[in-house]
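# Overview (structure and organization)
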Amino acid sequence: MSAGFIWLAASTGLLSLLTPCVFPMVPVTVAYFSTPDHHGSRGLRRALLFALGIVATFTVLGLTLAAVFGAAGLNRFAADPAVNIGLAVVFLLFAANLFGWLEIGLPRRATNAADRVARGAAPGSSLGALLMGATFTLTSVTCTAPFVGTLLVLASRGSWAMPVGGMLVYSAAFALPFFLLAAAPGLVSRLPRAGEWMRTLRVLIGLLEVGAAIKFVSNADLVLGWGIFTRDVVLIGWSVLALAGAAYLARNVGEKMRRRELRVVGVAPIVVALLLAGWLASGIRGRPLPQVEAFLPPAVPTALGAAGGEAPVWMLNDLSAAQSAARTSGKLVFVDFTGYTCTNCRWMEANIFSRPDVGDELAQFVLSRLYTDGDGAIYERQQAFQEKTFGTVALPLYAVLDAQGHVRATFSGLTRNPADFIAFLQGARRKS
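## Section: the overall build of the chain
A tally of helices and strands in the chain yields 16 helices and five strands. Across the chain, the fraction of contacts at a sequence separation of at least 24, relative to all contacts at a separation of at least 6, is 75%. With an accessible surface of roughly 20300 Å², the chain has 64% of that area assigned to carbon and sulfur atoms.

This is the structure:
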């Protein structure tokens, strides 16, 4: 796993703690571990088992996904239009729940039964602590499911270990504060109480989930070729959501002004939301936004001859044609194994390929772009070719081949150092 993915998994786990389904569970956790039988080394051991129950329950999701789809199937799973539209619907449902328009939760009978099993194992038993952790995970699923779903899809980049490792990191970050509370229940007195700030957080997280839904629909659009949820449309949608957040915060400020409770700090989030809306809107019509470009559809259609001016022209999903062009021109072939929903691929395209110095180097090659996560036989063949030739289906993968198909050099994954990528390209040409 890359450092970036580990950071994403950990920060997503910590962000889940602020959701309205999870934060109210703090006093429940403290009450469960506040009995005299939970003190000392015995209490520490049971707090650890409680955290382990949370980690194990979440990680089973990643393990199940990896076992069902396998390494090769994970890429196509992440790009499947039905999966992406399904996730978009889930995000919209949970957003409606956070806005207070819809009540979503596990059947009360199921959660009560799980709770009885956990407590029936004896409140002071190790098994009870372990099952209590699993029960807590189930009861928090209403708010954690969107975060977990996003992480699993982002992990689906070709290695079965990614979903499992991602869920281990996510759940460990999620469980850590509850382990500390279980080990030292007195810490709860220092935590802020749920109140108006929690209601505000519900709405803001709901707006984030609507933004995520737009992203997943744009993934489906890329694969199906609708041409509706383009980069500009996504940016407009996100800008409107940021403005909606600013308007909601402004309404709260107005109420505080009437109550004469307004502080300067209360205005700051409104300013941040307005600045965010303006920044997102500035990317409409092609201005690069490197910080979020990886999550946006390509700025122009990635088709042969679609790029104008001096932009490089890519041969799409036709390696044979690229090798034929290489024989005619005497150049090597640069192959970009990519995916429709691969965020690291989009990041490389927006932040590395777009650089003039990298563009000068790429101009020395015949450029071939092979998608491996689409729906169809051609994508399966290209993924099989990548796996057979390079021993991996992870994306992105960059390879330099000669006209006969012999591998000269490979570069795997994302880099934030353009010099490394330029050195790879120059080294491949020197070998020829």
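That was the structure; now back to the text.
## Focus on the pairing of strand β5 (residues 407–412)
In terms of strand pairing, strand β4 (residues 397–401) meets β5 through five bridges, oriented antiparallel. Its bridge partner being in β5, L401 is matched across the sheet by V407. Hairpin connection from β4 to β5: five residues lie between these consecutive antiparallel strands, with G405 at a positive phi of about 95 degrees.

## Overview of the environment of E361
Counting through the fold element by element, E361 comes out in helix α14 (residues 356–362). Given the relative accessible area of 12%, E361 is considered buried. Between the C-alpha atoms of E361 and L425, which are 64 residues apart in sequence, the distance is 6.8 Å.

## Section: the nonpolar core
Inside soluble globular proteins, nonpolar side chains tend to come together where they are buried. Grouped together as the largest cluster of nonpolar side chains are 21 residues, with contacts concentrated most on F334, F353, Y398, F421 and F424. At the level of elements, β2 (332–338), α13 (343–353), α14, β3 (365–371), β4, β5 and α16 (418–431) are the ones that each hand at least two residues to this core. Residues contacting Y398, with those up to four places away along its chain left out, are F334, V335, D336, M348, F353, A409, T410, F411, G413, F421 and F424.

## Description of the pattern of salt bridges
The final tally for this structure, using the stated rule, is six salt bridges. Among the salt bridges present, the one from D336 reaches R369, with a minimum N-O distance of 2.9 Å. In this pair, D336 sits in strand β2 while R369 sits in strand β3, placing the two residues 33 residues apart along the sequence. The exposure classification of D336 matches that of R369, with both residues buried. Among the salt bridges present, the one from R346 reaches E349, with a minimum N-O distance of 2.8 Å. Placement of both R346 and E349 in helix α13 is noted, with a separation of three residues, approximately one turn of the helix.

## Regarding a nonpolar patch on the surface
Taken together, I85, V89, L93, W101, L102, L224, W226 and I228 make up a surface patch of nonpolar side chains, about 780 Å² in accessible area. It is helix α4 (residues 81–98) that contributes the most residues to the nonpolar patch, three residues altogether. Relative to the assigned elements, L93 resides in helix α4.

## So, the sheet that holds β4
Think of a sheet as strands paired side by side through backbone hydrogen bonds, with each pair either parallel or antiparallel. Read across the sheet, five strands follow the order β1-β3-β2-β4-β5 without closing on themselves; strand pairing throughout is mixed. Of all the strands in the sheet, the pair left with one neighbour each is β1 (315–316) and β5. By the bridge criterion, two bridges tie β1 to β3 in an arrangement that is parallel. Its bridge partner lying in β3, L316 is registered against R369. Packed on one face of the sheet, α13 meets β2, β3 and β4 and runs near 135 degrees to β2.

## Describing unusual backbone geometry
Keep in mind that most residues, glycine aside, have a negative phi and that most peptide bonds are trans. A positive phi angle, near 70 degrees, is found at R285, a position not held by glycine. Residue R285 is classed as exposed on the basis of its relative accessible area of 80%. One non-glycine residue with positive phi stands out, namely N317, at about 50 degrees. Looking at the element boundaries, N317 is found in the loop between β1 and α12 (319–329).

## Some thoughts on the pairing of β3
Counted residue by residue, β3 has seven buried out of seven residues, so it is predominantly covered. Judged by which residues are buried, β3 turns out to be covered on both faces: F365, L367, R369 and Y371 on one side and V366, S368 and L370 on the other are all buried. Looking at chain direction, β2 and β3 are connected through seven bridges and run parallel. Bridge assignment links F337 to a residue of β3, and that residue is L370.

Rules behind the numbers
Think of each chain on its own: its residues are numbered from 1, step by step along the sequence as written. Residues qualify for local features only when their pLDDT is at least 70, as the model is predicted, and side-chain atom pairs are given and counted only at 80 or more; totals for whole chains, interfaces and linings, by contrast, use all residues. Side-chain metrics rest on all non-hydrogen atoms present in the structure, leaving aside hydrogens and water. For the purposes of this entry, the term helix denotes a DSSP run of H or I that reaches at least four residues, the term strand denotes a run of E that reaches at least two, and both are numbered from the N terminus. Working rule for contacts: check all heavy atoms of both residues, and any pair within 4.5 Å makes them a contact. In this description, accessible areas are obtained by the Shrake-Rupley approach with a 1.4 Å probe, and a residue is regarded as covered only by the protein chains that are shown. Paired strands, in this sense, are two strands between which DSSP finds at least two bridges. Accessibility here uses a 1.4 Å probe with only protein chains present; expressed as a share of the type maximum, an area under 20% marks a residue as buried, one over 50% as exposed, and anything in between as partly exposed. Here, the term nonpolar core denotes a set of buried Ala, Val, Leu, Ile, Met, Phe, Trp, Tyr and Cys residues that are joined through side-chain atoms within 4.5 Å. The salt bridge definition used is simple: a Lys or Arg side-chain nitrogen within 4 Å of an Asp or Glu carboxyl oxygen. Surface patches are drawn from residues lacking salt bridges whose relative accessible area is over 30%; two like charges belong together within 9 Å, two nonpolar side chains (Val, Leu, Ile, Met, Phe, Trp, Tyr) within 5 Å. Angles run from 0 to 180 degrees between N-to-C directions of axes, and those axes are lines fitted to C-alpha atoms, restricted for helices to the stretch in contact.

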